[in-house]
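Reading the structure
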Amino acid sequence: MRLILVGPPGAGKGTQAVHLAAHYSIPHISTGDIFRANIKNSTELGKRAQAFMDKGELVPDSVTNGMVRERLKDADTQGGFLLDGYPRTVAQVAELDGMLSATPLDRVIELTADSDVVVRRLMERSIEQGRADDSEDVIRRRLEIYEEQTAPLTALYKSRGLLVQVDGLGSVEEVTARISAALNS
Ligand code: AP5
């Protein structure tokens, strides 16, 4: 399976990706997680990404696309993968199309959730985990960027017949069951 998970911040992409990756035995590739690991390890890539992430802005394509291109060359992706948080712009879709020319995608899963719910979830996470970009103003900026730059991708993938939309509200288990049903239908 070659899958993409798309949805607003806090929709549950990372949470559901863990279940999906285990179910299909494919690697979970989260660009946000890769950036955070690089920031933690004070790498050059991390230093370039941090200022953008802290403000809720997208990391420039000059950093992000190459990182994904390299990751998709790894042997563990040959049997499939789950991309979480990439692509996020129409330009990134074009880049990914180039990377996958011989191995097309199977599905793009859009997790939907109201802004009020995702803000509440992320504010709770900020208390539990202290993630740097989970302050209320940065969450609002991430939501704006999602609406402006990422939401248009769903129409694009729908026109390719790849999009499945799944309601991200409810318990984690309920959402997992909905995704499974959508992928099996
Ligand atoms: P990224 O890490 O991808 O963050 P995000 O898209 O804002 O998403 P989140 O991780 O906040 O939410 P999620 O949908 O994964 O939900 P989660 O499962 O964690 O990106 C961070 C930054 O990196 C970007 O802002 C950008 O700067 C940069 N970046 C990343 N990719 C990039 C790209 N392609 N190009 C450029 N820049 C890029 O859940 C959230 C919370 O809700 C958790 O606490 C969870 O426990 C809880 N929760 C989940 N599901 C449920 C449920 N059903 N019920 C109740 N609580 C739930």
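In case you missed it, the structure is sitting above this.
Quantities reported herein were computed from a predicted structural model and do not represent experimental measurements. (Residues numbered from 1 in each chain as written. Predicted model: local features only at pLDDT ≥ 70, side-chain atom pairs only at ≥ 80, totals over all residues. Heavy atoms only, no water.)

What follows deals with the sheet that holds strand β3 (residues 81-84). Spatially, the 5 strands line up as an open sheet ordered β2-β3-β1-β4-β5, and their pairing is parallel. Only two strands of the sheet have a single partner each, and these edge strands are β2 (28-30) and β5 (163-167). The average angle at which neighbouring strand axes cross in this sheet is 20 degrees, direction not considered. Where strand β4 (residues 107-112) lies against β5, 5 bridges are found, and the strand directions are parallel. What sits directly across from I109, in β5, is V164. Helix-sheet contacts for helix α2 (residues 31-40) involve β2 and β3, and the interaxial angle to β2 is about 65 degrees. (Pairing = 2+ DSSP bridges. Helix = DSSP H or I, 4+ residues; strand = E, 2+ residues; numbered from the N terminus. Axes fitted to C-alpha atoms, helices over the stretch in contact; angles between N-to-C directions. Contact = heavy atoms within 4.5 Å.)

One side chain can pair with another of opposite charge once the charged atoms of both are near each other. Tallied over the full model, the rule gives 14 salt bridges. The salt bridge partner of R141 is E57, with a shortest N-O separation of 2.9 Å. Here R141 is found in helix α7 (residues 136-150), whereas its partner E57 is found in the loop between α3 (44-55) and α4 (61-71), with 84 residues between them in sequence. Where D134 meets R142, a salt bridge forms, and the shortest distance between an N and an O atom there is 2.8 Å. Of the two residues examined, D134 and R142, each falls in the buried class. Ionic contacts of the salt-bridge type, sharing partners, join the residues R125, R131, D133, D134 and R142 into one network. (Salt bridge = Lys/Arg side-chain N within 4 Å of Asp/Glu carboxyl O. Buried < 20%, exposed > 50% of the residue type's maximum accessible area, 1.4 Å probe, protein only.)

Moving on to the nonpolar core. Counting 21 residues, the largest nonpolar core has I109 and I179 as the members making the most contacts within it. In terms of residues, this core owes the most to one element, helix α9 (residues 172-184), which gives 4 residues. Those residues within four positions of I179 in sequence are excluded, and the remaining contacts are Q16, L20, I109, L111 and V166. (Core = buried A, V, L, I, M, F, W, Y, C linked by side-chain atoms within 4.5 Å.)

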